[in-house]
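Residue strings, one per chain:
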Amino acid sequence: GNHTLLTEFVLSGLSGRPELQHLLFFTICLLYSMTLIGNLLICVVTVHPALHTPMYFFLRVLSFLDISTATVVVPKMLVTLLSEDRSISYLGCVTQLYCVVFLAATEWYLLAAMAYDRYVAVCSPLRYSAVMSTRACLSLALLSCCSGKVVSVVQTAWVFTLPLCGPRRINYFFCDIPPLLVLSCADTSRYERQLISATALVIFTPFCLILLSYTCILASILKLSSAESRHKAFSTCSSHLTVVTLYCASGTLIYLQPKSSNSQDAKKILALIYTTVIPTLNPLIYSLRNKEVKEVLTRVM
């Protein structure tokens, strides 16, 4: 039939209640500022010669990804909270979706690489320097980026080949796959099945590798005779697992039921967690409570 092709979209934002707009603006602005400050500190501090280890290299890459994720989503979200003009161009929507999927997928694969790094450090400490060489770390980071790029290109191209006929209002605060599927006037069941498969590939495969790594780590920790060594190892692993659990829970609940319009408000909250809250927490969970990082930070300051 005759359909009106969309050339721009209108974002509904986080909430339709006018009395909450200013409160949400200042809250999100505070979280974004904390994200930038905390992750920039990690990027600067981990360059210090005392922290030239694979773990801190991966943390530096993770901080860069967190800054990028928040920057792709939050500024536009802040504009929609205060401005009556909530439109986003077609090209802007394509770009935002591509960046969000790329950064999220890359971060998942990087978390798996970080779990492997911890596995080698705990289970094979004598071989750690040889296995986790500079070349190996760079290769793992590059592989994570390439995998994220492939996933992002496929998902973005597939979404925007669907006929998006309207309405042009996106019930979300950024361009993401679930709210865009609601706008399609074609049968999206095939794409939804493909998205579930992609979710399994991007989330569950790294998650299973992470669980396998930590199962081996746990077995090695329990063999340690020193209570202090066990506590230090548990502390390091629990930090990583906390982030992984938050990512896994929010990601699976959003993408396993992509076209469920009844849960859009709940998906907004989950999306807010992985685009705004987790990037704020990562520096605190991983690094700023770490004794070595605090000592170097004190010296740098």
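The model shown is predicted, which means the values in this text are computed figures rather than measured ones.

Caption draft 1: Quick look at the nonpolar core. Judged by nonpolar contacts, the single largest core of 80 residues is most densely connected at Ile170, Ile177, Leu180 and Tyr274. The dominant element in this core, judged by the number of residues it contributes, is helix 3 (residues 90–123), at 15 residues. If we ignore the near neighbours within four places in the chain, the residues touching isoleucine 170 are Phe9, Val10, Leu11, Ser12, Cys93, Cys175, Pro179, Leu180 and Leu183.

Caption draft 2: Spotlight on the sheet that holds strand 1 (residues 8–11). Read from one edge of the open sheet, three strands run 2-1-3, paired in mixed fashion. Bordering the open sheet on either side are strand 2 (87–89) and strand 3 (169–170), each of which pairs with just one other strand.

Caption draft 3: A look at empty space enclosed by the protein. Counting across every chain of the model gives two cavities of 30 Å³ or more. One number sums up the size of the largest cavity: a volume of about 320 Å³. Elements supplying a minimum of two residues to the lining of the largest cavity: helix 2 (54–82), helix 3, helix 5 (134–161), helix 7 (189–222) and helix 8 (227–255). With seven residues, the top contributor of residues to the lining of the largest cavity is helix 3. Its residues placed into classes, the lining of the largest cavity shows 15 nonpolar, five polar and two charged.

Caption draft 4: Fine view of the packing of helix 1 (residues 21–45) against helix 2. One can describe the packing of helix 1 onto helix 2 by two numbers: an axis separation of 9 Å at closest approach and a directional angle of 160 degrees. The angle between the axes of helix 1 and helix 2 places the two elements in the roughly antiparallel class. Where helix 1 crosses over helix 2, the two elements pack in a sense that is left-handed.

Caption draft 5: Main features of the UniProt feature "transmembrane region" (unreviewed entry) in the protein. Sites flagged by UniProt as "transmembrane region" (unreviewed entry) map to residues 20–45, 57–75, 95–116, 137–158, 198–221, 233–257 and 269–288. Taken end to end, residues 137–158 comprises 100% helix and 0% strand; its first and last C-alpha atoms sit 32 Å apart. Span residues 198–221 is 100% helix and 0% strand, its end C-alpha atoms 34 Å apart.

Caption draft 6: Quick peek at the pattern of salt bridges. Applying the stated rule across the entire model yields two salt bridges. Residues arginine 168 and glutamate 8 are paired through a salt bridge, measuring 2.9 Å at the closest nitrogen-oxygen approach. Separated by 160 residues along the polypeptide, arginine 168 in the loop between helix 5 and strand 3 and glutamate 8 in strand 1 bring together distant segments of the chain. When the shortest N-O distance is used, the salt bridge between arginine 118 and aspartate 117 registers 3.0 Å. Residue classification places aspartate 117 among the buried residues on the basis of a relative accessible area of 1%.

Caption draft 7: Broad picture of the environment of alanine 112. By the secondary structure assignment, alanine 112 is in helix 3. In the structure, alanine 112 is positioned 93 residues away from threonine 205 in sequence and 9.1 Å away in space, judged by C-alpha atoms. Setting aside anything within four residues of it in sequence, one finds alanine 112 in contact with Pro206 and Ile210.

Caption draft 8: The packing of aromatic side chains, seen in detail. Within this structure, the stated rule accounts for 11 aromatic pairs. Note on phenylalanine 173 and phenylalanine 174: the rings are 5.0 Å apart at their centroids and 65 degrees apart in plane angle, and the pair reads as edge-to-face. Neither phenylalanine 173 nor phenylalanine 174 differs from the other in exposure class; each is buried. One aromatic cluster is present, built from ring pairs that chain together Phe9, Tyr90 and Phe160.

Scoring rules and cut-offs
- Residues numbered from 1 in each chain as written.
- Predicted model: local features only at pLDDT ≥ 70, side-chain atom pairs only at ≥ 80, totals over all residues.
- Heavy atoms only, no water.
- Core = buried A, V, L, I, M, F, W, Y, C linked by side-chain atoms within 4.5 Å.
- Buried < 20%, exposed > 50% of the residue type's maximum accessible area, 1.4 Å probe, protein only.
- Helix = DSSP H or I, 4+ residues; strand = E, 2+ residues; numbered from the N terminus.
- Contact = heavy atoms within 4.5 Å.
- Pairing = 2+ DSSP bridges.
- 1 Å grid on protein atoms, 1.4 Å probe; cavity = no way out; pocket = protein on both sides within 12 Å on 5 of 7 lines; lining within 4 Å.
- Points joined across faces, edges and corners; volume = space filled by probe spheres on them.
- Nonpolar A, V, L, I, M, F, W, Y, C, P; charged D, E, K, R; others polar.
- Axes fitted to C-alpha atoms, helices over the stretch in contact; angles between N-to-C directions.
- Parallel < 35°, antiparallel > 145°, perpendicular 65-115°, else oblique.
- Left-handed = near helix turned anticlockwise from the far one by under 90°.
- UniProt positions renumbered as here; feature names shortened; annotations may be inferred.
- Salt bridge = Lys/Arg side-chain N within 4 Å of Asp/Glu carboxyl O.
- Phe/Tyr/Trp six-rings, centres within 6.5 Å; stacked < 30°, edge-to-face > 60°.

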